[in-house]
Amino acid sequence: MAKDGNLDVLVICGSLRKGSYNAALARTLPKLAPSALTFRAAPPYDRFPLYNFDIQHSTGFPAEVNTWADAIRSADAIVIVSPEYNWSIPGPLKNAIDWVSRMKDQPFKDKPVAVQSAAGGLLGGSRMQYHLRQSLISLDVLWFGRPEVIVNFAAKKFDEKTLELTDQPTIDMVKAQLAAFETFVRRVML
Ligand SMILES: Cc1cc2nc3c(=O)[nH]c(=O)nc-3n(C[C@H](O)[C@H](O)[C@H](O)COP(=O)(O)O)c2cc1C
C-alpha cells in the first residue's frame, strides 16, 4: 500500500449468474481505469451459509468467509458492482456483508468503497446503491460519492452476444468515476 504507487482494488460483483450485466461491467474496469489501478475479483461468496449466530458461535466463521474477509482487508480499495433486487441489495451479497460484519477485525473498516450498478429498470440499481451505502456506512467504510455509475436499461448498453459494454456515455461515466476514485483513495488512505 503506497500513496503514490499502484492501488490494489478488489472487485465484488453482486450478481451470481453467468450472463450477468454487472459481471460484464466489472470486466471493463481494467481497460477504463487509470493505469495505477489494478483489479482483482473477490473470492466467491455464493457458498456462505445463511448468516446464523449459532453457526458462528459453535464452529466459528466458515473458511470461505475468512477468505473473503482477508481479500477485503488486504485491498487498498473496493469497487462493488451490483444489480438491484426488489429495490435493494441482492440477498447473497447482503448475507456476505452480514457475515464479515461480525468479525472482530471487521474488514470493511476504513476501506474506500465505490459502487456501480447495472439493472434492467429505469433507475439502474440506484435504490440498491442507497441501501448499500446505508449498510456500509454502519461498517465505517470511506464511501465514495460522485461521479456515480448507474447503468439503466442494461440490455441496451451491452452487446447481446459478447456482453461487451458498447454504450459510449456509459463508458465515459465509468472512466470519470474511476479517475475520481483514484484521487479519493489516495487522499483518504491511512
Ligand atoms: C430477484 C430479482 C429482483 C429484481 N429487482 C429489480 C429491481 O428492483 N430493479 C430493477 O431495475 N431490476 C430488477 N431486477 C431485474 C434485474 O435488474 C436484471 O435481472 C439484471 O439483469 C440483474 O443483473 P445481472 O444481469 O448482473 O444479473 C430484478 C431481478 C431479480 C432476479
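Bear in mind the structure is a predicted one, so any value in this text is a computation, not a measurement.

Conventions we followed
Residues numbered from 1 in each chain as written. Predicted model: local features only at pLDDT ≥ 70, side-chain atom pairs only at ≥ 80, totals over all residues. Heavy atoms only, no water. Helix = DSSP H or I, 4+ residues; strand = E, 2+ residues; numbered from the N terminus. Rg over C-alpha atoms; globule rule 2.2 N^0.38 Å. Buried < 20%, exposed > 50% of the residue type's maximum accessible area, 1.4 Å probe, protein only. Contact = heavy atoms within 4.5 Å. Areas by Shrake-Rupley, 256 points an atom, 1.4 Å probe, with all protein chains shown as cover. Patch = residues over 30% accessible without salt bridge, like charges linked within 9 Å, V, L, I, M, F, W, Y side chains within 5 Å. Salt bridge = Lys/Arg side-chain N within 4 Å of Asp/Glu carboxyl O. Near = heavy atom within 4 Å. Polar contact = N/O pair within 3.5 Å; in protein donor to acceptor, adjacent residues only side chain to side chain. Nonpolar A, V, L, I, M, F, W, Y, C, P; charged D, E, K, R; others polar. Pairing = 2+ DSSP bridges. Right-handed = clockwise from strand over helix to strand, strands pointing away.

**A short note on the overall build of the protein chain**
Along the backbone of the protein chain there are six helices and six strands. For the protein chain, the α and β elements follow one another from N to C terminus as β-α-β-α-α-β-α-β-α-β-β-α. Rg of the C-alpha trace for the protein chain: 16 Å, near the compact-globule value of 16 Å for 190 residues, within the 12% margin. Taken along the three principal axes of its C-alpha coordinates, the protein chain extends 50 × 40 × 25 Å. Across the 190 residues in the protein chain, those meeting the buried criterion constitute 49%. Here the analysis covers contacts within the protein chain between residues at least 6 apart in sequence; of these, 82% occur between residues at least 24 apart. A total of about 9,600 Å² of accessible surface is found on the protein chain, and carbon and sulfur atoms cover 53% of it.

**Points about a nonpolar patch on the surface**
On the surface, a cluster of nonpolar side chains totalling about 280 Å² of accessible area is made up of L122, L123 and F153. Position of F153 among the secondary structure elements: in the loop between β6 (149-151) and α6 (168-188).

**Some remarks on the environment of V174**
Along the chain, V174 turns up in helix α6. Put simply, V174 and L25 are 149 residues apart on the chain and 9.1 Å apart in space, counted from C-alpha to C-alpha. Beyond its immediate chain neighbours, meaning those up to four positions away, V174 contacts L25, L29, L32, Q116 and V149.

**Digging into the site of the ligand**
Residues in contact with the ligand amount to 13 residues; listed here are only the nearest, S15, R17, S20, N22 and N86. Interatomic distance of 2.7 Å between a side-chain N/O atom of R17 and an oxygen atom of the ligand. Compared with its free state, where it exposes 610 Å², the ligand has 71% of that area covered by protein. Taken together, the residues of the shell around the ligand break down into five nonpolar, six polar and two charged.

**Quick notes on the pairing of strand β3 (residues 77-81)**
Along β3, five of the five residues are buried, which leaves the element largely enclosed by surrounding structure. The two faces of β3 match: A77, V79 and V81 on one face and I78 and I80 on the other face are all buried. Strand direction decides the pairing type here: strand β1 (residues 7-13) and β3, joined by five bridges, are parallel. When the sheet's bridge partners are listed, I12 is paired in β3 with I80. Pairing of β3 with strand β4 (residues 112-118), which is carried by four bridges, proceeds in the parallel orientation. In the sheet register, V79 faces β4, and the bridge partner there is A114. Of the crossover connections in this fold, the one passing from β3 over helix α4 (residues 91-101) to the parallel β4 is right-handed.

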